[in-house]
Amino acid sequence: SDDGKLSFDEFKAYFADGVLSGEELHELFHTIDTHNTDNLDTEELCDYFSKHLGEYENVLSVLEDLNITILKAMDKTKKDYQEASNLEQFVTRFLLKETLNQLQSLQSSLECAMETTEEQTRQERKDPTKPEVLSIQWPGKRLTRRLQRNNSLSSNNPHSSTGWIEEDSQWVIQINRLQKLIDRLEKKDLKLEPLEEEVLEENARSHILIVQHQMSVIEEKVEEFRLALKQYLESASAQGGCLHVSIQKLPSDFRFIVYEFWENSNAWNSHLQMNYSKAFQRSNVDFMETPELITTMLVPGKY
């Protein structure tokens, strides 16, 4: 409630991990509450967790430094990007994307470690005491789903509250069906191997290039951007090597996604040298809220 302290309900809402029972959480709360006020203040929380940091003291320290470093880099990017050359802007976009990829990879490793440790704890304990379930959204989407599935959504759990299951059984069935579908998608069993070898005819189109532009536009510049985008797409579509152009406007904000299909990489590179393409890239400097993200992918020309 932003009053500088945590009641037990607030403590439970944040720290419940789907493993500890309500009684264990209550015991932990009073262990941390060294002032015996039935509320936890910042000093008590810091004192308790400081004693148990171990190797994670270095991890959290590095993360704090990393956060400051990234913010400094973002601030410099905001100041310098508009005046940079096309090549320098390209390098900046690449570095931003690579930084994001590295952070996402690290997050995936942490989520996997969290799931593994929690699953091991459940198997070791096999505790009939009903665990407390998360009531807030954690950053890890897979973690949140896994906690909810294992501890509150299983209609076969003999330790679940029967009254709750009987009252909301239909919801449980539907949610479990959705969870099974999500788990199947997460397994990523998609196989892309062709059923038979593809023999290219002479002069056949081997690959086409798909280009994706992700653009977040400043709200006040949307109309100007739409006009510039229309002119750009009309010019690009008229090029001989352009196969197709498609635009998506995301409803939640002022984000646009443009897909371009080109006969080959050479056609795309020639397009980049055209005056209309360079003019559009220069105008985007004034329109974009964040740097434009461009992704390319080669796919078989015959499929």
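Just so you know, these numbers come straight off a predicted model, no measurement behind them.

Caption draft 1: Here's a closer look at the environment of Asp47. When you line up the elements, Asp47 lands in helix H3 (residues 42-50). Overall, the relative accessible area of 41% leaves Asp47 in the partly exposed class. With 15 residues separating them in the primary sequence, Asp47 and Ile32 have C-alpha atoms 8.3 Å apart.

Caption draft 2: Examining the sheet that holds strand S5 (residues 255-262) more closely. Strands sit in the order S4-S5-S3-S6 across an open sheet of 4 strands; the sheet is antiparallel. Edge positions in the open sheet fall to strand S4 (242-250) and strand S6 (293-300), since each of these has one partner strand only. Averaged over all neighbouring strand pairs, the angle between strand axes comes to 15°, with direction disregarded. Packed onto the sheet, helix H10 (residues 265-272) meets strand S3 (207-216), S5 and S6 and runs at close to 125° relative to S5.

Caption draft 3: Broad picture of the packing of helix H1 (residues 8-15) against helix H2 (residues 22-32). As a packed pair, H1 and H2 sit with axes 10 Å apart at the nearest point and diverge in direction by 115°. As for how H1 packs across H2, the hand of that crossing is right-handed. Touching Phe8, Phe11, Lys12 and Phe15 of H1 are Gly22, Leu25, His26, Leu28, Phe29 and Ile32, all from H2.

Caption draft 4: Focus on the pairing of S5. Looking at chain direction, S3 and S5 are connected through 8 bridges and run antiparallel. Pairing of Gln212 across the sheet is with Tyr259, part of S5.

Caption draft 5: Geometry of a nonpolar patch on the surface. Side chains of Tyr56, Val59, Leu60, Leu63, Leu66, Leu103, Leu106 and Leu110 sit close together on the surface and give an oily, nonpolar patch of about 700 Å² of accessible area. Elements with a contribution of two residues or more to the nonpolar patch: helix H4 (56-80) and helix H5 (86-125). In terms of residues, the nonpolar patch owes the most to one element, H4, which gives 5 residues. Here Leu106 is to be found in helix H5.

Caption draft 6: How the structure looks around the UniProt feature "domain: EF-hand" (unreviewed entry) in the protein. According to UniProt, the positions carrying the feature "domain: EF-hand" (unreviewed entry) are residues 20-55. The span residues 20-55 is 56% helical and 6% strand by assignment, and the distance between its end C-alpha atoms comes to 23 Å.

The rules behind these values
Residues numbered from 1 in each chain as written. Predicted model: local features only at pLDDT ≥ 70, side-chain atom pairs only at ≥ 80, totals over all residues. Heavy atoms only, no water. Helix = DSSP H or I, 4+ residues; strand = E, 2+ residues; numbered from the N terminus. Buried < 20%, exposed > 50% of the residue type's maximum accessible area, 1.4 Å probe, protein only. Pairing = 2+ DSSP bridges. Axes fitted to C-alpha atoms, helices over the stretch in contact; angles between N-to-C directions. Contact = heavy atoms within 4.5 Å. Left-handed = near helix turned anticlockwise from the far one by under 90°. Patch = residues over 30% accessible without salt bridge, like charges linked within 9 Å, V, L, I, M, F, W, Y side chains within 5 Å. Areas by Shrake-Rupley, 256 points an atom, 1.4 Å probe, with all protein chains shown as cover. Salt bridge = Lys/Arg side-chain N within 4 Å of Asp/Glu carboxyl O. UniProt positions renumbered as here; feature names shortened; annotations may be inferred.

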